[in-house]
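In case you want the letters, here they are:
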Amino acid sequence: MLARPKFWFTAVIAVVAIAAFAWGCGGDDEEESPTPTGTGGGLTGELEIFSWWTTGGEAAGKQAVFDLYPSVCPGDVEITDATVAGGAGFNARQVLTTRMLGGDPPGSFQVHMGHELTDTWVTTGYMEPLDDLYAEEGWNDIFPQGVLDIVSYEGKPYSVPVNIHRANVLWYNKAVFEENDLEPPATFDEFFAVAEALDAAGITPLALGDNGIWASAQVLETALIGTLGADGYNGLWTGETDWNGADVTQALENFKRMLSYANADHTSLTWDQANQLVIDGDAAMTIMGDWVDADNKAKEFEDSGWVPAPGNAGIYDALSDTFGLPKDAPNPDAVKCWLKLAGSLEGQEAFNPLKGSICARTDCDKELFDEYLQSAMDDWASDTIVPSLAHGAAASQGWVEELNDAVTLFVTDGDVDAVQGRLADACVNAGVCE
Ligand code: GAL
């Protein structure tokens, strides 16, 4: 069903080549592998699953997979749901890093596919390869080749992708738009015209919750995509697009103007609290990933509309949540069965309709998904795929942190020259730009 557009992985491979990050390009290993010990039954002990999934829709999706565990992994395993709240793993990553470096890994942990997984944990030798499990489960034929390539290093896969999310969505309150006789905006000019009209009507145009600065960085990423287009945006991560260029200046001006229409208290809200403003009709729009679809579902809000963020039509800004097996993880047999479940058809069909994401697998039943997710599946199959900045796909963790710091200053001072210089420096510091 989901034919895999190749652009994303092509772009990421290009990033890798130019940045001299040592990505693998395999994922086709078909070695003979024994059944992982214990996955046939009789599993016992504790299984700690570490994530940042704490909001309604996130928790619901996760719980649906937990509920399947005893039937797929017979025995008496007790799952510990270890969460650190904070969207995009903004807080969880720090706790995880302390634990991993301190020799105290969880059984398995949520980590974004792409640079966040590979540069942070795989090339550094903290993860076990999963080629046996992939061969046993037939996943080399079930996950798209582009996905297999990205989760692999030196020919072996290192994590199991549970979903594909889209980051560049503009969500809006349909009733607010209808009452104000407005159409959802497709371009920046339309966005600003709509925002002016909403402002005049006393409605906050754009809901933002950037108490984790990643939420603003994500709006910036959509402004970069919408202004530079897919090729220009991809070139930012390979050194081909000049961070000092006039089009990046324009993207930053667009971003700055978008921020001027946000709720005044944005630095004290989370992304889901910002979405609540839209649900309540106090704000009209929010630019956020499609976990908003899950939030709306959990809050039983059915009057939500969606369009690509301004200028983003035809481009799918993608990310994926994955789970792997850390070296020296406690109870590795129980972890392997968790991974088997996470990659299974049953697991992905239970998880993704509640989580607001589409399956990483190619064989999920479309009818199980709501109207938004069915449209996302169509877009995934036809759009140009680009990797998300704010969610670990486009750049290494250190680079993303530097970009986040630059955005933190920018949302306060609005100094386009200064932020552009910082963004250009960050590319140099990452070893990608000269
Ligand atoms: C993303 C993650 C999603 C969702 C979102 C908000 O980074 O991939 O699964 O949880 O953060 O927390």
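One can find the structure itself at the top, above this paragraph.
Residues numbered from 1 in each chain as written. Predicted model: local features only at pLDDT ≥ 70, side-chain atom pairs only at ≥ 80, totals over all residues. Heavy atoms only, no water.

(A) Structural detail: the overall build of the protein chain. Each helix and strand counted, the protein chain has 17 helices and 14 strands in total. Radius of gyration (C-alpha) of the protein chain: 21 Å, near the 22 Å computed for a compact globule of 434 residues. Seen along its three principal axes, the alpha-carbon backbone of the protein chain occupies a region of about 65 × 50 × 40 Å. Across the 434 residues of the protein chain, 60% fall into the buried class. Look at the contacts in the protein chain between residues 6 or more apart in sequence, and 80% of them connect residues 24 or more apart. On the protein chain, roughly 15,400 Å² of surface is accessible, and the fraction owed to carbon and sulfur atoms is 48%. When the 19 basic and 70 acidic side-chain charges of the protein chain are each reduced to a single mean position, those positions are 2 Å apart. (Helix = DSSP H or I, 4+ residues; strand = E, 2+ residues; numbered from the N terminus. Rg over C-alpha atoms; globule rule 2.2 N^0.38 Å. Buried < 20%, exposed > 50% of the residue type's maximum accessible area, 1.4 Å probe, protein only. Contact = heavy atoms within 4.5 Å. Areas by Shrake-Rupley, 256 points an atom, 1.4 Å probe, with all protein chains shown as cover. Lys, Arg positive; Asp, Glu negative; His and termini not counted. Charge placed at Lys NZ, Arg CZ, Asp CG, Glu CD.)

(B) Inspection of helix α12 (residues 291-298) at higher detail. Burial within α12 is extensive, with six of its eight residues counted as buried. Within α12, the full set of buried residues consists of Trp291, Val292, Asp293, Ala294, Asp295 and Asn296. Looking one or two residues past α12, Glu300 carries a phi angle of roughly 55 degrees, positive in sign.

(C) Examining the sheet that holds strand β3 (residues 108-112) more closely. Strand order across the open sheet formed by five strands is β2-β1-β3-β13-β6, with mixed pairing between neighbours. Strands at the two margins of the open sheet, each flanked by one partner only, are β2 (75-83) and β6 (160-161). Here β3 runs beside strand β13 (residues 321-323); their pairing, made up of three bridges, is antiparallel. Its bridge partner lying in β13, Val111 is registered against Thr322. Seen against the sheet, helix α13 (residues 332-343) touches β1 (43-51), β2, β3, β6 and β13 and runs at an angle of roughly 60 degrees to β1. (Pairing = 2+ DSSP bridges. Axes fitted to C-alpha atoms, helices over the stretch in contact; angles between N-to-C directions.)

(D) Structural view of the site of the ligand. Around the ligand sit 14 residues, and of these Glu58, His112, Asp321, Lys355 and His391 come closest. His391 is positioned with one of its side-chain polar atoms (N or O) 2.7 Å from an oxygen atom of the ligand. Taking 300 Å² as the accessible area of the ligand by itself, protein coverage stands at 100%. Grouping the constituent residues of the shell around the ligand by class yields six nonpolar, five polar and three charged. (Near = heavy atom within 4 Å. Polar contact = N/O pair within 3.5 Å; in protein donor to acceptor, adjacent residues only side chain to side chain. Nonpolar A, V, L, I, M, F, W, Y, C, P; charged D, E, K, R; others polar.)

(E) Just the pairing of β1, in detail. Note that β1 and β2 share nine bridges and pair parallel. Within β2, the position partnered with Leu43 by the bridge is Gly75. As defined by bridge partners, β1 adjoins β3 across two bridges and the pair is classed as parallel. If you follow Ile49 over to β3, its bridge partner there is Ser108.

(F) Geometry of the nonpolar core. Residues Tyr69, Trp237, Trp243 and Met285 are the most contacted members of the largest nonpolar core, which totals 134 residues. Ranked by the residues each element gives to this core, the list is headed by helix α9 (residues 214-236), at twelve residues. With residues near it in sequence (within four places) discarded, Trp243 still touches Leu224, Leu236, Trp237, Val248, Trp399, Gln420, Leu423, Ala424, Cys427 and Cys433. By size, the runner-up hydrophobic cluster in this structure holds six residues, among which are Ala207, Leu269, Val278 and Ala283. (Core = buried A, V, L, I, M, F, W, Y, C linked by side-chain atoms within 4.5 Å.)

(G) How the structure looks around the state of the cysteines. The full count for this structure, using the stated rule, is three disulfides. The side chain of Cys73 participates in a disulfide bridge whose partner is Cys337; the two sulfur atoms lie 2.1 Å from each other. Measuring handedness by torsion sign, the sulfur bridge of Cys73 and Cys337 sits at about -95 degrees and is left-handed. One end of the pair, Cys73, is in the loop between α2 (56-72) and β2; the other, Cys337, is in helix α13, with 264 residues separating them in the sequence. Each member of the pair, Cys73 together with Cys337, is buried. For Cys359, the disulfide goes to Cys364, at an S-S distance of 2.1 Å. When the S-S torsion is -95 degrees, as for the bridge of Cys359 with Cys364, the disulfide is left-handed. Comparing Cys359 with Cys364, the two get one shared label, buried. Cysteines bonded in the protein chain are numbered consecutively along the chain; their disulfide partners then correspond to 1-2, 3-4, 5-6. (Disulfide = S-S within 2.5 Å.)

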